[in-house]
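These are the residues of each chain, in order.
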Amino acid sequence: MYSSPATINVLKPLDVANLPAGKTAIEIENLNLFYRQKQVLHDISMRIPKGKVTAFIGPSGCGKSTIMRSVNRMNDLIEGCKVEGNIRLLGKDIYDEEVDVSALRRRIGMVFQKPNPFPKTIYENVVFGLRLQGIRNSRVLDDCCEQALRGAGLWDEVKNRLHENAVNLAAGQQQRLVIARAIAIEPEVLLLDEPTSSLDPISTLTIEELINDLKTKYTVVIVTHNMQQAARVSDYTAFVHMGRIVEYADTDTVFTSPKEKKTEDYITGRIG
């Protein structure tokens, strides 16, 4: 017997402006970032929900990737970079003096737009981070390798090729391998910086389907220049323009009834 529409529970999107601490993976508060004298991020404040896909969209050079790289302190590697404000991972300040940055980056995995497998075997690529952690037990490494490749949707394609050089894989497979390498160390957050920009449409679709699977285990943050992709894969979307967050809400709201005219102008192509 079918339920009447009145009895169906509709899961409403979270109110990211008032997201409770228990549902927050990352909290950014009054983030300002400078490259020497040039300010590139202005008063960024937002809460990124746990177990969801959050997308950053906006024109090239608007600060999307800079925000993402701040979340796992990759900007520390840039000479002259200065950060003001606070970023908390599960309530803990990532810029606290006692934070081990290497340990932080294990908790917040990152995948870049161009696949970057190491010139090693497929197997050694996946277990690389585990070996850095001192894990040497071959059975543990074997199990972790298989689970990570399954998690990245690649196991069935490479299970008989684990000791071949990873650089021989197709580009889409390489990107999934890099994702497997990132999730092998079981991060809490996975950052994807334009992960399909160099891939063909079929590989892009495979990665997008994978992202939907990944959010069942991880908080996923994606930077994309492709608005259609953001609409397809994300639960929440932040529109970034000239180093500022213009609008941040559930994806349906941002794309169908944005509150800010600048958001509407970008989505409709009037600004780029």
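Now for a quick tour of the structure. From a predicted model like this one, the values you see are computed outputs, not experimental measurements.

This part covers the pattern of salt bridges. Following the criterion strictly, the structure yields 17 salt bridges and no others. Ionic pairing is found between Glu 188 and Arg 107, a salt bridge with its closest N-O pair at 2.6 Å. Highlighted residues: Glu 188 in the loop between helix H6 (171–183) and strand S7 (189–193) and Arg 107 in helix H2 (residues 101–107), separated in sequence by 81 residues. The exposure class assigned to Arg 107 is partly exposed, which follows from its relative accessible area of 31%.

Taking 1.5 Å of rise per residue, 14 residues should cover 20 Å, and helix H7 (residues 201–214) covers 20 Å from first to last C-alpha, within 8% of that figure. Along H7, the positions that sit buried rather than exposed are Ser 203, Thr 204, Ile 207, Glu 208, Leu 210, Ile 211 and Leu 214. For H7, the buried positions fall inside an angular range of 160° around the axis, keeping them on one side. Turned more than 90 degrees away from the buried face of H7, the exposed residues are Pro 201 and Ile 202. As for H7, its buried residues are in contact with strand S3 (53–57), helix H4 (138–151), H6, S7, strand S8 (219–223) and helix H8 (227–233). Residue Asp 200 occupies the N-cap position of H7, its side-chain oxygen lying 3.0 Å from the main-chain nitrogen of Ile 202.

Turning our attention to the packing of aromatic side chains. Geometrically, a pair of aromatic rings is defined through the distance of the ring centres and the angle of the planes. For the coordinates displayed, the defined rule picks out 2 aromatic pairs. Considering the side-chain rings of Phe 239 and Tyr 266, the 4.9 Å spacing of their centres and the 20° angle between planes classify their relative orientation as stacked. Of this pair, Phe 239 sits in strand S9 (residues 236–241) while Tyr 266 sits in helix H10 (residues 261–267), placing them 27 residues apart in sequence. Note on Phe 239: relative accessible area 0%, which makes it buried. With relative accessibility at 7%, the residue Tyr 266 sits in the buried group. A cation over a ring is seen here: Lys 82 above Phe 34, with NZ or CZ 4.8 Å from the ring centre. Positioned above the aromatic ring of Phe 118, the side-chain terminus of Arg 181 is 3.9 Å from the ring centre.

Moving on to the packing of H6 against H7. Helix packing for two helices is described by the angle between their axes and how far apart those axes are. Close contact between H6 and H7 brings their axes to 9 Å; oriented N to C, the two are set at 20°. Our classification of the angle between H6 and H7 gives roughly parallel. Between H6 and H7 lies a crossing of right-handed hand. Contacts between H6 and H7 involve Gly 172, Gln 175, Arg 176, Ile 179 and Ile 183 from the first element and Ser 203, Thr 206, Ile 207, Leu 210 and Leu 214 from the second.

With that settled, the discussion passes to the packing of helix H3 (residues 122–132) against H6. The contact between H3 and H6 brings their axes to 6 Å, and the two run at 35°. Judged by residue contacts, Ile 122, Asn 125 and Val 126 of H3 engage Leu 177, Ala 180 and Arg 181 from H6. Tallied by class, the residues present in the contact of H3 with H6 amount to 4 nonpolar, 1 polar and 1 charged.

Okay, the sheet that holds S3 next. The strand order across the open sheet formed by 6 strands is S6-S7-S8-S3-S9-S10, and the pairing between neighbours is mixed. Only two strands of the sheet have a single partner each, and these edge strands are strand S6 (108–111) and strand S10 (244–250). Between one strand axis and the next, the sheet turns through 15° on average, direction left out of account. In the packing of H6 onto the sheet, contacts are made with S6 and S7, and the angle to S6 comes to roughly 170°. Against the sheet, H7 engages S3, S7 and S8, with an angle of about 150° to S8.

Rules used throughout
- Residues numbered from 1 in each chain as written.
- Predicted model: local features only at pLDDT ≥ 70, side-chain atom pairs only at ≥ 80, totals over all residues.
- Heavy atoms only, no water.
- Salt bridge = Lys/Arg side-chain N within 4 Å of Asp/Glu carboxyl O.
- Helix = DSSP H or I, 4+ residues; strand = E, 2+ residues; numbered from the N terminus.
- Buried < 20%, exposed > 50% of the residue type's maximum accessible area, 1.4 Å probe, protein only.
- Expected span 1.5 Å × (residues − 1).
- Arc of directions from axis to C-beta.
- Contact = heavy atoms within 4.5 Å.
- Polar contact = N/O pair within 3.5 Å; in protein donor to acceptor, adjacent residues only side chain to side chain.
- Phe/Tyr/Trp six-rings, centres within 6.5 Å; stacked < 30°, edge-to-face > 60°.
- Lys NZ or Arg CZ within 6 Å of the ring centre and 35° of its normal.
- Axes fitted to C-alpha atoms, helices over the stretch in contact; angles between N-to-C directions.
- Parallel < 35°, antiparallel > 145°, perpendicular 65-115°, else oblique.
- Left-handed = near helix turned anticlockwise from the far one by under 90°.
- Nonpolar A, V, L, I, M, F, W, Y, C, P; charged D, E, K, R; others polar.
- Pairing = 2+ DSSP bridges.

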